[in-house]
Amino acid sequence: MSNTFFNIFPNENFIDLCMYQFGYEQCDPGHSFGPATRNHYLFHYVLSGTGTLMADNAKGDTQTYSVKSGQGFMIFPGQINTYIADEQLPWEYMWIEFDGLRVKEALSVTDLCKDAPVYHSHSKELREKLADEMLYIVNHPQESSFHLIGHLYLFLDYLLQSAKSATLISSGRMSDYYIKEAINYMEQNFQNTISIEDIAAVCGINRSYFGKIFRNSTGRSPQEFLMNYRMVKATELLKLTSLSIADVGSAVGYENQLHFSRAFKNIYGVSPREWRKQNK
């Protein structure tokens with residue numbers, strides 16, 4: 001009988017970095033999972049034993065990888081995968097499922113990708129710190145959302161440092177500067193009527209180029225980022241205040257209540273009024 005436990009993260013109102021579930025398993029010989037896909041990033045760290053990962057590469061061709069203790073593997077959103085514990089020395093691993101607007105950009109400094117999903121650390125110290133953060137999260141599900149998100153940031157930092165690409169381009173690229181300027185502007189002006197042209201103008205670049213580098217960096221269009229940010233702020237107001245639905249919409253940049261309700265339902269699947277009832 002395999003020894004397994006996992007937890008669902010209780011709060012999804014984190015926009016830059018969010019956790020969805022985490023857990024631990026001591027697998028039985030030959031235990032497998034998949035084929036399956038995930039909506040978010042899913043990282044496994046192997047504590048002991050060994051196993052096999054079969055995952056589609058960027059072209060959709062299935063590749064097979066052997067993964068052992070001290071290594072790990074990343075499953076990317078939408079990637080078809082199957083993983084199987086060794087018959088003689090089955091693996092024991094921890095996992096964290098996470099995502100966020102900054103994750104794609106953050107992982108770009110590593111060699112981890114659909115074509116290279118196996119985690120190899122160039123530093124034993126950083127690898128052990130990464131494992132410690134994962135263990136802490138797995139063993140402290142009762143802690144607050146903010147507490148666990150803090151440790152998720154530390155985990156991600158150790159992941160990026162320990163798997164940093166040898167061909168890393170300088171982080172001082174102008175495109176990085178534009179993205180930071182754009183996000184800062186949206187965070188400070190989300191409650192106002194702002195257009196993508198306005199944001200591009202703040203960065204001093206044209207709309208087409210801005211849209212391209214923003215999507216490449218965050219995995220979302222500027223419009224999607226702004227709408228998601230507004231909706232997160234709307235959930236905060238719905239939960240923490242008694243403002244009317246119209247006033248909440250106005251506070252996050254929607255003067256038309258119907259437009260606000262439609263946008264909210266597209267993100268959360270329910271109307272603002274229903275969401276408030278479910279989360280009060």
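Residues numbered from 1 in each chain as written. Predicted model: local features only at pLDDT ≥ 70, side-chain atom pairs only at ≥ 80, totals over all residues. Heavy atoms only, no water.

Details of the nonpolar core
Rules: Only buried Ala, Val, Leu, Ile, Met, Phe, Trp, Tyr and Cys residues count toward a nonpolar core, and they belong to the same one when joined by side-chain atoms within 4.5 Å. When a residue's accessible area, from a 1.4 Å probe over protein chains only, is under 20% of the maximum for its type it is buried; when over 50% it is exposed; and in between it is partly exposed. A run of DSSP states H or I qualifies as a helix once it reaches four residues; a run of E qualifies as a strand once it reaches two. Both are numbered from the N-terminal end. Every residue pair with non-hydrogen atoms within 4.5 Å of one another is taken to be in contact.
Ranked by size, the top nonpolar core spans 33 residues in total, and within it A182, M186, I199, F210, F214, F260 and F264 carry the most contacts. Looking at this core, the elements that each hand over two or more residues are α4 (174-189), α5 (196-203), α6 (207-218), α7 (222-240), α8 (245-251) and α9 (257-268). No other element matches the seven residues that α7 contributes to this core. Apart from residues lying up to four places away in sequence, F214 is in contact with I179, A182, I183, M186, G219, R220, S221, P222 and F225. With 32 residues, the next largest nonpolar core counts F43, L130, A131 and L156 among its residues.

Some points on the UniProt feature "domain: HTH araC/xylS-type" (unreviewed entry) in the chain
Rules: UniProt positions are given in the numbering used here, feature names are shortened, and annotations may be inferred rather than shown by experiment.
Cross-referencing UniProt, the feature "domain: HTH araC/xylS-type" (unreviewed entry) maps to residues 180-278 in the present numbering. Spanning residues 180-278, this segment combines 76% helix with 0% strand, and its end C-alpha atoms are found 35 Å apart.

Some words on the side chain of E133
Using the following cut-off: Residues counted as positive are Lys and Arg, residues counted as negative are Asp and Glu, and His and the chain ends are not counted. Salt bridges are counted wherever a side-chain nitrogen of Lys or Arg sits within 4 Å of a carboxyl oxygen of Asp or Glu.
Turning to its location among the elements, E133 is positioned in helix α2 (residues 124-139). Put simply, E133 is tucked away with no salt bridge, and the nearest opposite charge, on K129, sits 8.7 Å away. When neighbours within four sequence positions are excluded, E133 is seen to be in contact with H151, L154, F155 and Y158.

Here we look at the domain arrangement of the chain
For clarity, the cut-off: Source of the domain bounds: an automatic or database domain assignment. The term buried area refers to how much accessible surface (probe radius 1.4 Å) is lost by two components on association, counted for both of them together.
Each assigned domain of the chain is listed here: domain 1 (1-160) and domain 2 (172-277). Here the C-alpha centre of domain 2 lies 29 Å away from the C-alpha centre of domain 1. The interface of domain 1 with domain 2 comprises six residues on the first partner and 16 residues on the second. Taken together, both faces of the contact between domain 1 and domain 2 bury some 1,000 Å²; the carbon and sulfur share is 55%.

Re α9
As a reminder, the rule being used: Any helix carries an expected span of 1.5 Å times its number of residues minus one. Each C-beta atom gives one direction from the helix axis, and the arc is the one those directions make. For this analysis, a polar contact is any N or O atom pair within 3.5 Å, provided that within protein one partner can donate a hydrogen and the other can accept it, and provided that sequence-adjacent residues contribute only side-chain to side-chain pairs.
With 12 residues, α9 should reach 16 Å at 1.5 Å per residue; the first-to-last C-alpha distance of 16 Å fits that figure. Within α9, the full set of buried residues consists of F260, S261, A263 and F264. Along the long axis of α9, the arc covered by the buried residues comes to 165 degrees, so they all point the same way. Facing away from the buried side of α9 by more than 90 degrees, the exposed set consists of R262 and N266. Residues of α9 that are buried make contact with α7, α8 and α10 (272-279). Its side-chain oxygen at 2.8 Å from the backbone nitrogen of L258, N256 defines the N-terminal cap of α9. Two residues or fewer after α9 comes G269, characterised by a positive phi angle close to 85 degrees.

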